[in-house]
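As a plain string of letters, each chain reads:
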Amino acid sequence: MLPWPTRVQAAVTLPFQRWATSSAVFCLELMGFDVVQEGNIIHIGQASVAVAEACNGLRMVTAFFVIGGLVVLLVKRSWWEKLLIFASSLPIALLCNTIRLTITALAFTIISGEYWEKIFHDFGGYAMMPLALAATVGELWLLTKLTTISEKQQAIIITRQNG
């Protein structure tokens, strides 16, 4: 792909980077940790975690739109369910990125050493794909439960219509 113009890329990536940092800080505070946010740096305990521009989640959004599009093409659902599944790619990507950054920040308080931090950081990114796919499958299951009538309910409806 061709790179986006710098102005467009900055307009998209900076808000995602702020969102990623703030949402991870919020989750850490919910878990009871003493956390300080300075711009895009998270201070937790003795560790400082910089949420780099590459960690803003834009790549995850792109990848999850591809996953969402693939799922939409493969499932037999009504058009509105497919649209809902595809549109949910953005919230799923943001949620997965928040989870990844929260776990990474927690791990950096425990592990030390640049080698281990890099391995954990990279593995965290790879682990988000199965998590996103699981969230999409969970969404499909929930839609099935909300939109499918059970055999017992279907029999009651037929009985009322005929009788």
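Refer to the structure presented above.
What counts and how
Residues numbered from 1 in each chain as written. Predicted model: local features only at pLDDT ≥ 70, side-chain atom pairs only at ≥ 80, totals over all residues. Heavy atoms only, no water. Helix = DSSP H or I, 4+ residues; strand = E, 2+ residues; numbered from the N terminus. Rg over C-alpha atoms; globule rule 2.2 N^0.38 Å. Buried < 20%, exposed > 50% of the residue type's maximum accessible area, 1.4 Å probe, protein only. Contact = heavy atoms within 4.5 Å. Areas by Shrake-Rupley, 256 points an atom, 1.4 Å probe, with all protein chains shown as cover. Core = buried A, V, L, I, M, F, W, Y, C linked by side-chain atoms within 4.5 Å. Axes fitted to C-alpha atoms, helices over the stretch in contact; angles between N-to-C directions. Parallel < 35°, antiparallel > 145°, perpendicular 65-115°, else oblique. Left-handed = near helix turned anticlockwise from the far one by under 90°. Nonpolar A, V, L, I, M, F, W, Y, C, P; charged D, E, K, R; others polar. Pairing = 2+ DSSP bridges. Patch = residues over 30% accessible without salt bridge, like charges linked within 9 Å, V, L, I, M, F, W, Y side chains within 5 Å. Salt bridge = Lys/Arg side-chain N within 4 Å of Asp/Glu carboxyl O. Polar contact = N/O pair within 3.5 Å; in protein donor to acceptor, adjacent residues only side chain to side chain.

(A) Focus on the overall build of the chain. When helices and strands are tallied, the chain shows six helices and three strands. Counting from the amino terminus, helix and strand elements in the chain follow one another as α-β-β-β-α-α-α-α-α. Against the globule reference of 15 Å for 163 residues, the chain gives a C-alpha radius of gyration of 21 Å, more extended than a compact globule. Principal-axis analysis of the C-alpha atoms gives the chain an extent of 70 × 40 × 25 Å. Counting over 163 residues, the chain shows a buried share of 32%. A sequence separation of at least 24 residues applies to 65% of the contacts in the chain between residues at least 6 apart. Split by element, the accessible area of the chain, about 10,900 Å² in all, is 68% carbon and sulfur.

(B) A look at the nonpolar core. Within the largest apolar cluster, 17 residues are counted, with the highest numbers of intra-cluster contacts made by Phe64, Val71, Ile85 and Cys96. Those elements that place two or more of their residues in this core are helix H2 (58-74), helix H4 (89-110) and helix H5 (114-147). Top contributing element to this core by residue count: H2, with six residues. Aside from chain neighbours lying at most four places away, what touches Ile85 is Val71, Val72, Thr136, Glu139, Leu140 and Leu143. Membership of the second largest hydrophobic core comes to 13 residues, among which are Ala47, Val49, Leu101 and Phe108.

(C) How the structure looks around the environment of Val61. Its location among the elements puts Val61 in helix H2. What Val61 contacts, discounting residues up to four positions off in sequence, is Phe16, Leu90 and Ala93.

(D) Structural context of the packing of helix H1 (residues 6-30) against H4. Between H1 and H4, whose axes approach to 8 Å, the crossing angle comes to 60°. Compared by their axis directions, H1 and H4 come out oblique. By crossing handedness, the relation of H1 to H4 is classed as right-handed. Packed against H1, whose contacting residues are Phe16, Trp19, Ala20, Ser23, Ala24, Cys27 and Leu28, the element H4 presents Leu90, Leu94, Asn97, Thr98, Leu101, Thr102, Ala105 and Leu106 at the interface. Across the contact of H1 with H4, the residue classes tally to eleven nonpolar, four polar and no charged.

(E) Focus on the sheet that holds strand E2 (residues 41-44). Strand order in the open sheet formed by three strands is E1-E2-E3, with antiparallel pairing between adjacent strands. Of all strands in the sheet, those with a lone pairing partner are strand E1 (35-38) and strand E3 (47-50), marking the two edges. Geometrically, the sheet is characterised by an average inter-axis angle of 20° between neighbouring strands, direction not taken into account. In terms of strand pairing, E2 meets E3 through four bridges, oriented antiparallel. Bridged to His43 within E3 is Ser48.

(F) View of a nonpolar patch on the surface. A cluster of nonpolar side chains, contributed by Trp79, Trp80, Leu83 and Leu84, occupies part of the molecular surface with about 480 Å² of accessible area. Relative to the assigned elements, Trp80 resides in helix H3 (residues 79-87).

(G) Spatial organisation of the side chain of Thr21. With respect to the element layout, Thr21 can be found in helix H1. Judged by its relative accessible area of 0%, Thr21 is buried. At 3.0 Å, the side chain of Thr21 forms a polar contact with the backbone oxygen of Gln17. Excluding anything up to four places from it in sequence, Thr21 contacts Gln37, Gly39, Asn40, Ile41, Ile42 and Val51.

Shape descriptors only; they carry no functional weight alone.
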